[in-house]
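An overview of the molecular structure
For reference, the chains in residue letters:
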Amino acid sequence: MPEILEIEAYRRLAEKVVGRVVSEVQAPDHWYVKGGATPEDLVENLTNRRFTKSRRKGKLLLLDSGGPTLGLRFGMTGRLFVDGKAGIDQLEWGSRRINPAWHRFIIEFKGGGSLVIDDPRRLGGVELNPQEERLGPDAWEIRLPGLRKVLSNSTTALKARLLDQSRIAGLGNLLVDEICWRSSLDPNRPANSLEEKEIKILNRTIRTVLDQLDKRGGSHTGDFFEHRNKGGVCPLDAQPLRRSEAGGRTTWWCPLHQR
DNA sequence: CCGGATGTTCACCT
DNA sequence: GAGGTGAACATCCG
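Just so it is clear, the structure is predicted and the values come from calculations on it, not from any experiment.

Glancing now at the packing of helix H1 (residues 4-14) against helix H6 (residues 196-216). At a minimum axis separation of 10 Å, H1 and H6 run at an interaxial angle of 55 degrees. If you check the angle between H1 and H6, you find them oblique. Where H1 crosses over H6, the handedness of that crossing is right-handed. Contacts between H1 and H6 involve Ile4, Leu5 and Arg12 from the former and Leu210, Leu213 and Asp214 from the latter.

What follows covers the packing of helix H5 (residues 173-182) against H6. In a pair of packed helices, the angle between the axes and the distance between the axes together describe the arrangement. At a minimum axis separation of 9 Å, H5 and H6 run at an interaxial angle of 125 degrees. Regarding the angle of H5 to H6, the classification is oblique. At the point where H5 passes H6, the crossing takes the right-handed sense. Contacts between H5 and H6 involve Leu175, Glu178, Ile179 and Arg182 from the first element and Leu202, Thr205, Ile206, Thr208, Val209, Leu210, Gln212, Leu213 and Arg216 from the second. Its residues placed into classes, the contact of H5 with H6 shows seven nonpolar, three polar and three charged.

Turning to the domain arrangement of chain A, a few remarks are in order. Here the domain parsing of chain A yields domain 1 (4-133) and domain 2 (136-253). For domain 1 and domain 2, the distance between their C-alpha centroids amounts to 28 Å. Tallying the contact residues gives 11 residues for domain 1 and 18 residues for domain 2. Carbon and sulfur atoms make up 57% of the area that domain 1 and domain 2 hide from each other, which totals about 1200 Å².

Attention now moves to the nonpolar core. Counting 28 residues, the largest nonpolar core has Leu42, Leu70, Leu72, Leu80 and Phe105 as the members making the most contacts within it. The element contributing the most residues to this core is H1, with four residues. Counting 27 residues, the second largest nonpolar core, distinct from the first, contains Ala139, Ile168, Cys180 and Ala191.

Moving on, we get to H6. Here H6 is 21 residues long and its end C-alpha atoms lie 30 Å apart, about the 30 Å a rise of 1.5 Å per residue gives. Listed as buried for H6 are Glu198, Ile199, Leu202, Asn203, Thr205, Ile206, Val209, Leu210 and Leu213.

What follows deals with the packing of aromatic side chains. On inspection of all chains with the given rule, the structure shows three aromatic pairs. Between Phe51 and Phe109, the ring centres sit 6.2 Å apart and the planes meet at 70 degrees, which makes this aromatic pair edge-to-face. On the criterion of sequence distance, the pair formed by Phe51 in the loop between helix H2 (39-46) and strand S2 (53-57) and Phe109 in strand S7 (residues 103-109) is long-range, its members being 58 residues apart. You'll find Phe51 and Phe109 in the same group, each marked buried. An angle of 20 degrees between the planes, with centres 5.3 Å apart, marks the rings of Trp181 and Phe224 as stacked. One end of the pair, Trp181, is in helix H5; the other, Phe224, is in the loop between H6 and strand S10 (242-246), with 43 residues separating them in the sequence. For the pair Trp181 and Phe224, one class covers both residues: buried.

So, on to the side chain of Asp64. Note on placement: Asp64 falls in strand S3 (residues 60-64). Among the polar contacts listed, one links the side chain of Asp64 to the side chain of Arg55, at a separation of 2.8 Å. In contact with Asp64, other than residues within four places in its own chain, are Arg50, Phe51, Thr52, Lys53, Arg55 and Thr69.

About the criteria used
Residues numbered from 1 in each chain as written. Chains lettered and ligands numbered in written order. Predicted model: local features only at pLDDT ≥ 70, side-chain atom pairs only at ≥ 80, totals over all residues. Heavy atoms only, no water. Axes fitted to C-alpha atoms, helices over the stretch in contact; angles between N-to-C directions. Helix = DSSP H or I, 4+ residues; strand = E, 2+ residues; numbered from the N terminus. Parallel < 35°, antiparallel > 145°, perpendicular 65-115°, else oblique. Left-handed = near helix turned anticlockwise from the far one by under 90°. Contact = heavy atoms within 4.5 Å. Nonpolar A, V, L, I, M, F, W, Y, C, P; charged D, E, K, R; others polar. Domains from an automatic or database assignment. Buried area = accessible area lost by both parts, 1.4 Å probe. Core = buried A, V, L, I, M, F, W, Y, C linked by side-chain atoms within 4.5 Å. Buried < 20%, exposed > 50% of the residue type's maximum accessible area, 1.4 Å probe, protein only. Expected span 1.5 Å × (residues − 1). Phe/Tyr/Trp six-rings, centres within 6.5 Å; stacked < 30°, edge-to-face > 60°. Polar contact = N/O pair within 3.5 Å; in protein donor to acceptor, adjacent residues only side chain to side chain.

What follows is the structure, given as structure tokens:
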């Protein structure tokens, strides 16, 4: 799932619960509660609280309450439902079935309505007062000086650096492939080998891709997405795409124009 | 049946 | 400390 665009869609959906008061919290899956807290901690800290804001940092969704802040992570297969309505119609690689056993976290509100995380693979989690400072600047808000800093002093592959949430928060595997492809940059290049000219291109491309794919409907709507398969060729120059691994993730790129 | 898929965290190496 | 790897989570799809 979800990368920054999907979490942003969830954030917008979660605005519906701002102003509502929590009547009941169900956290049936102890494993799903992170940060050293227990399901009981969540119940105690959130019951009778009124949510005041729906925020996002990278892939972390945050609901402020005036007291504790609730942090929601969705892993690859987590979906958010508010009042039974989904934030994303169809999650790539997700399940299209609905199974109550996959409802890892449920909040009921006074006066009706609910917020539910459905997560078949249990890769997400909920946390009280997550350490937001562990995340780098948000990818949607980062600017040239911030991006320079992300890439400086590191021989790590460009792609691994862009996926490192502590350096820049929000980009996932699909978005990074799309961004490198549009920027004509080889994802395997050492991060600190980029010239100023290339960093500028990358900086612009990050925002262009996020704005454009957000309007289109998500991380899987990029121009490159449908080609990153076995036998895929570059839609720009028809060159067969290469496949490798970077940062532990499958990477596709065009060996001709991505340098 | 097997392998891989939009993610995060942590242990364990070098 | 930096950086890489593999495991764990559990389901769907080809």
